[in-house]
Amino acid sequence: MTSISKNSADNITEEYRILHKVAQILQSSGELENILQNALRAITGFEELKVENKAGIFLVDESQKVLRLFTTFGEFSKEFIEKEKEVPFGDCLCGRVAESGQMLMSESCFSDPRHERTFSDMTAHGHYIIPLKSSDKLVGVMFLYTNTNPDWYKHSQEVLVSIGGLIANAIEKKKVDDELEQYRSHLENLVKLRTGELTNANAQLLGEVESHKKTQDELRQLSIQTEKIREEEKCEISRKVHDELGQLLTAMKMDLLQLDKRLPKEDVELHQRADSVVSLIDDTIKSVQGIAMELRPPILDAFGLCEAIAWQADEYKKRYGIQFDINCFQKHMELEKDLEIALFRIFQESITNVVRHAEATQVKIKVSLENDQLVMKIQDNGVGIQKDKIEDSNSIGLIGIRERIRSWNGEVQISGETGQGTRVEIRIPITKS
Ligand SMILES: Nc1ncnc2c1ncn2[C@@H]1O[C@H](COP(=O)(O)OP(=O)(O)OP(=O)(O)O)[C@@H](O)[C@H]1O
Ligand SMILES: [Mg+2]
């Protein structure tokens, strides 16, 4: 009695040891095949089982109802590996276990009629065939080789079923892990793809922004160029009108005066007519000079912006009786000629507006340098511009002012209060040379 109980106690310890060992192996990381090989090595090494060092595992293909040989441990012939690649459910010992889900033991391959599959190099052997079940779901079948008519491990065959459960769980876990891994890498690829798409879209947008900027720059350059040409043409016409037409008219007047001297003194009427033609020529000369001045005041080229503004204001004062309060640069400022022309034209347009629309009696003009900005402010005391006129697309004069300023990277602010007058303020960044 004592020896039996000692034996069974030893067996239990052994069983616990093998279960623990297999569980440990199954928890290790790495390829599933390696893990299962290590498990088979441990199981076949469980001496009490008296199995040979030959074993293998099939995995279930539920849709096809076949077992597929996944891995073997120990020596197997090529023929065996080839023939056992696939075992249909119900076929031979393993197929039967796949169908029944129950563990099966076979005394000898030659005498057991269920052992339907044979091999040319087959030697007599017995089998433990163990279902690999994870929560009642069959995931595979494990086969262990024994001698013929073995001394079956009687103590607890349940230990083998338990090991089968452990292996099945490990296989299932691996499957889930693999699926998760696949899903994760799929997601990663998706993110990479999307990131790539976004990067491309971004680059495309940046490209478009760049090309827009370029077009804007080109338009600005074109506008500057067009304005320059217009001003040059005005200058040329102004010079021709003033010099050529003026000189011709003066010559005409001189000739007429000579002619007048030779006329008979007594012909009073003829003398009167000659005098009136001379005064007509004088008026024409004045008018020609006026046109030349309007086109391009020479004072602007000769003396610069402030002098030109003062001269023009004086003209307006004489013509319309408007008072001007001018404050143009505290210190002398050397400006680019084209910029001076642009500022002068804006001043002219603003004062023309005052004359035409403001009913003002006074205009204040201030041209100054504030930090690195050239600032020109024109403020009248008239009726005040209406808000809707400021941004109106029909306000061509105001649009012209903005265009000129944009060419110089500057900004315009136009504001008005009813009865309080209108204020035009422009700011242009200046790079000091
Ligand atoms: N100083 C001002 N005071 C009051 N109203 C003004 C003043 N300046 C402009 N406005 C209003 O803004 C409108 C638009 O001015 P803008 O210079 O663009 O056009 P315009 O003077 O009418 O025509 P043009 O194209 O010949 O200049 C004017 O018609 C006028 O109603
Ligand atoms: Mg106008």
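Bear in mind that the values here come from a model prediction, so they are computed numbers and not experimental data. (Residues numbered from 1 in each chain as written. Chains lettered and ligands numbered in written order. Predicted model: local features only at pLDDT ≥ 70, side-chain atom pairs only at ≥ 80, totals over all residues. Heavy atoms only, no water.)

### Comments concerning the nonpolar core
At step 1: Counting residues in each nonpolar core, the largest one holds 42 residues, and the members touching the most others are L343, V367 and L374.
At step 2: Among the elements that make up this core, the one with the highest residue count is helix 9 (residues 337-358) (10 residues).
At step 3: With residues up to four places along the chain from it excluded, the contact list for L343 reads L305, L335, L374, M376, I426 and I428.
At step 4: A39, V51, L59 and F73 belong to the second largest nonpolar core, which has 33 residues in total. (Core = buried A, V, L, I, M, F, W, Y, C linked by side-chain atoms within 4.5 Å. Buried < 20%, exposed > 50% of the residue type's maximum accessible area, 1.4 Å probe, protein only. Helix = DSSP H or I, 4+ residues; strand = E, 2+ residues; numbered from the N terminus. Contact = heavy atoms within 4.5 Å.)

### Notes on the coordination of the magnesium ion (ligand 2)
For a metal with four tetrahedral donors the ideal donor-metal-donor angle is 109.5 degrees, while six octahedral donors give ideal angles of 90 or 180 degrees.
At step 1: Around the magnesium ion (ligand 2), the protein contributes the donor atoms E349 (OE) and N353 (OD1), which lie 2.1 to 2.3 Å from the metal centre. Separated by 4 residues within a single helix, E349 and N353 lie in helix 9, roughly one turn from each other.
At step 2: Judged by relative accessible area, which is 26%, E349 ranks as partly exposed. (Donors = N, O, S within 2.8 Å, 3.2 Å for Na, K, Ca; no water.)

### What about the domain arrangement of the chain?
At step 1: One can read the domain layout of the chain as domain 1 (11-177) and domain 2 (304-429).
At step 2: Look at where the C-alpha atoms of domain 1 and domain 2 centre, and you get two points 100 Å apart. (Domains from an automatic or database assignment.)

### Some details on the sheet that holds strand 8 (residues 362-370)
At step 1: Across the sheet, which stays open at both edges, the 5 strands sit in the order 7-8-9-11-10 with mixed pairing between neighbours. Edge positions in the open sheet fall to strand 7 (323-328) and strand 10 (411-417), since each of these has one partner strand only. Between one strand axis and the next, the sheet turns by 10 degrees as a mean value, whatever way the strands run.
At step 2: By the bridge criterion, 8 bridges tie strand 8 to strand 9 (residues 373-380) in an arrangement that is antiparallel. (Pairing = 2+ DSSP bridges. Axes fitted to C-alpha atoms, helices over the stretch in contact; angles between N-to-C directions.)

### A closer look at the packing of aromatic side chains
At step 1: Applying the stated criterion to the full structure yields 10 aromatic pairs.
At step 2: With 5.5 Å between their ring centres and 75 degrees between their planes, F76 and Y145 make a pair best called edge-to-face. Of this pair, F76 sits in the loop between strand 2 (66-73) and helix 3 (78-83) while Y145 sits in strand 6 (residues 137-146), and the two are 69 residues apart along the sequence. The exposure classification of F76 matches that of Y145, with both residues buried. (Phe/Tyr/Trp six-rings, centres within 6.5 Å; stacked < 30°, edge-to-face > 60°.)

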